[in-house]
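# Breakdown of the fold
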Amino acid sequence: MIFQRKIFKKYSVSIKKLFFFLFCAFGFINAQTFIKVTDASSPFVTETFPPGYRGASWVDYDNNGTLDLFENYEFLFKNNGNLNFESTSEFKGRTTPIIPGVDIGSGNSWADYDNDGDIDLFFTGSKSFLFKNEGGTFTKITSGAIGDSSSNRGWTSAWGDYDNDGNVDLLIVHPRGFIPGAFIPNLLFHNDGPPNYTFTKVTGYEFLTKLAPYTVGIWSDYDLDGDIDLFIGSGPAGTPGLDYLYKNMLKETGSVDFQRITSAPIGTDMQDGQVWNWIDYDNDGDLDGFLTNYTAVSNRFYKNNNGNYVNNPGNLTLSGIPCLANSWGDFDNDGYLDVIITSDFQTYFFHNNGNGTFAEATNIGIDATGNGRSATLGDIDNDGDLDLYISGFPTTRGLYINQNANGKNWLKLNLVGTVSNKSAIGARVNLKANVSGKDMWQMREVSAQNTFNGQSSLTVHFGLGDASIVDSLVILWPSGNINVFTNFPINKFETITEGGATGINDGESFLLPSEYQLEQNYPNPFNPATTIKYSIPSESFVKINIYNSLGQLMDTVTNTTKSAGNYEVVWNAQNVSSGVYFYSINSESISHNKSFFDIKKMIVLK
């Protein structure tokens, strides 16, 4: 080994330069490749699709554990496993056919709007329709405000629970001049919930009154304050303008209000906006912004520096290219989000190098040339890595199977809301694992609109590199509830229900309490030990004292600062005699100027 060091020392500089050259020239070493499905037995290979800016989404509409493919206008392909798909007739003839050259845009968004356990579709076009999923068959809703298909026409739509009431609401984005008929503003429908799950049309907000060439709207809790905010691209397709970005004031004021974001740079930069996405590309614990722009402006990449956003130019900020989708996922399972960017010219794949930079990868099996529209991601063969479907012109359109064979680990999660909406739209997942010797947190957000006119799978996917276990898994639900697990296993597809466990023996789950509470000890009477449980809703200093019947202090079992959560402490009475005792809690909130005191009786019986 010493001899080898001496030999290579002379050439170390030139070798480093060579590796740097190879890295820059060929993107990244040992990258996964893709194989395009071309078998004529696959129905989406032989299907004739109309032209236009059609959306596509991966969804498990029949709850069989495999992802099915929907592509506007009427194409639903059922996944029977082993890459065996069949065309279904669920939507054939039930949506408005394209009017070539006029009705050019059509999107979709999927969520369980009635919380019955299966995922429903809102289809958007020159006529828009809500399809209720009833066990794998779909009923078109034609009544109520949501059933007015002509008045609800638009470019695309997005489900999101903007008021955190446990029911997903619906945004319909209308692009002035790009949909047949009179110009109308965007539409927002509030889901009124059980028992009928009807919708009320919302009015009054700027984006519901002003006409503009809106493109794609997305919901995301960009500031991580517990409510989803709204980002609407407004690409005039060649002329710069401001996008429509709104902060939800629910957490600040207790009621919903959408305030226009006007701070620089995200609120002041001129855009030709298509799709916004908020992702933690650098794993630093906050969400960074990315926007695909059409030809008038280059793509935007905003790095979040503790709430201050700075332009982050680089090879992702393509200029002069009519970009459409940006779809983020960890394709090589190394723990960092990569990105697919589609455009009217070609499709781009950028690998995240893990150091704040990206390398463009070419010749990896994706037909890059030609018009690409929607790019939807999902693990369609359940092998732990993300596959890709691109809608668009025939040269690019197709299913691309990820051939990742680097042996890196992964985790997939299916989230089921109980207090929150069933599809867990808006839930945020934080995961900590040791990857390549480094403790690293990753973040994902569940979204029903995160590509161009469609969405990637609702299944939460993490790449874990060489991690042998997930140290911590934290799920923050829209309701405010929190699930926490430790020592979570890898290379699994787990379902996690809000407030419940997964069946993992070494997991822990709890709901974040909303108020202070001191519970009755158990057992009671007892000999010699009993358990005292208590809850605190925010970080607080906690003291728990034990007194005898004369009021004399016998013991202090807790005297420290605790974060919000549910706790228990054991008191052992082996050194005291039988009798009546009292235990008290005295708690002072660190940041909310709240105090709490309670006292309860217990009996030692020997």
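Please read all numbers here as calculations on a predicted model, not as lab measurements. (Residues numbered from 1 in each chain as written. Predicted model: local features only at pLDDT ≥ 70, side-chain atom pairs only at ≥ 80, totals over all residues. Heavy atoms only, no water.)

Now for the sheet that holds strand β10 (residues 138-141). Sheet architecture is open: 5 strands sit in the order β2-β7-β8-β9-β10, paired in mixed fashion. Bordering the open sheet on either side are β2 (53-54) and β10, each of which pairs with just one other strand. (Pairing = 2+ DSSP bridges. Helix = DSSP H or I, 4+ residues; strand = E, 2+ residues; numbered from the N terminus.)

It is worth spelling out the side chain of Ser447 at this point. Residue position: Ser447 is located in the loop between β32 (438-445) and β33 (460-465). A distance of 3.2 Å separates a polar atom in the side chain of Ser447 from the backbone nitrogen of Gln449. Beyond its immediate chain neighbours, meaning those up to four positions away, Ser447 contacts Trp219, Ile425, Gln455 and Leu458. (Polar contact = N/O pair within 3.5 Å; in protein donor to acceptor, adjacent residues only side chain to side chain. Contact = heavy atoms within 4.5 Å.)

Take the confidence of the model for the chain next. Taken as a whole, the chain shows an average pLDDT of 89; of its residues, 91% reach a score of 70 or greater. Low pLDDT (under 50) marks residues 1-30, which in the prediction has 11 contacts with non-local residues, meaning those over four places away or in another chain. Between residues 503-510, whose pLDDT stays under 50, and residues either more than four places distant or in other chains, the model counts 19 contacts. (pLDDT = per-residue confidence, 0-100.)

Here the focus is a nonpolar patch on the surface. Together, Val580, Ile603 and Leu605 make up a nonpolar patch on the protein surface, roughly 230 Å² of accessible area in all. Residue class for Ile603 comes out partly exposed when judged on its relative accessible area of 31%. (Patch = residues over 30% accessible without salt bridge, like charges linked within 9 Å, V, L, I, M, F, W, Y side chains within 5 Å. Areas by Shrake-Rupley, 256 points an atom, 1.4 Å probe, with all protein chains shown as cover. Salt bridge = Lys/Arg side-chain N within 4 Å of Asp/Glu carboxyl O. Buried < 20%, exposed > 50% of the residue type's maximum accessible area, 1.4 Å probe, protein only.)

Structurally, Gly193 is set in the loop between β13 (187-191) and β14 (199-202). On the accessibility criterion, Gly193 (3% relative accessible area) is buried. Contact partners of Gly193, with chain neighbours within four places excluded, come to Asn167 and Thr198.

This part takes up empty space enclosed by the protein. Under the defined criterion, the tally for this structure stands at 2 cavities of 30 Å³ or more. Approximately 480 Å³ is the volume attributed to the largest cavity. Along its surface, the largest cavity is lined by 29 residues, and Trp328, Arg444, Glu445, Asn450 and Ser456 are the ones closest to its centre. At the level of secondary structure, the elements contributing two or more residues to the lining of the largest cavity comprise β15 (217-220), β19 (273-279), β23 (323-329), β27 (372-378), β32 and β33. Grouping the constituent residues of the lining of the largest cavity by class yields 13 nonpolar, 12 polar and 4 charged. (1 Å grid on protein atoms, 1.4 Å probe; cavity = no way out; pocket = protein on both sides within 12 Å on 5 of 7 lines; lining within 4 Å. Points joined across faces, edges and corners; volume = space filled by probe spheres on them. Nonpolar A, V, L, I, M, F, W, Y, C, P; charged D, E, K, R; others polar.)

Under the criterion given, the structure shown has 17 salt bridges. One salt bridge in this structure joins Lys92 and Glu47, with 3.5 Å as the shortest N-O distance. Here the residue Lys92 occupies a position in the loop between β6 (85-88) and β7 (105-111), and Glu47 occupies one in the loop between α3 (43-46) and β2, the gap between them amounting to 45 residues. A relative accessible area of 31% places Lys92 in the partly exposed class. Judged by its relative accessible area of 22%, Glu47 falls in the partly exposed class. Put simply, Asp62 and Lys78 hold a salt bridge, and the shortest N to O gap is 2.3 Å. Of this pair, Asp62 sits in the loop between β3 (56-59) and β4 (68-71) while Lys78 sits in strand β5 (residues 75-79), and the two are 16 residues apart along the sequence.

What follows is about unusual backbone geometry. Cis geometry is adopted by the peptide bond preceding Tyr73, which originates at Asn72 and carries an omega value of 20°. Mapping Tyr73 onto the fold places it in the loop between β4 and β5. Cis geometry marks the peptide bond from Ala264 to Pro265; its omega dihedral reads -5°. Position of Pro265 among the secondary structure elements: in the loop between β18 (258-260) and β19. Even without a glycine there, the phi angle at Asn82 is positive, about 55°. Relative to the assigned elements, Asn82 resides in the loop between β5 and β6. Residue Asn82 is classed as exposed on the basis of its relative accessible area of 81%. Here Asn453, not a glycine, exhibits a phi torsion of approximately 65°, which is positive. Turning to its location among the elements, Asn453 is positioned in the loop between β32 and β33. Exposure remark for Asn453: the relative accessible area of 0% places this residue in the buried category.

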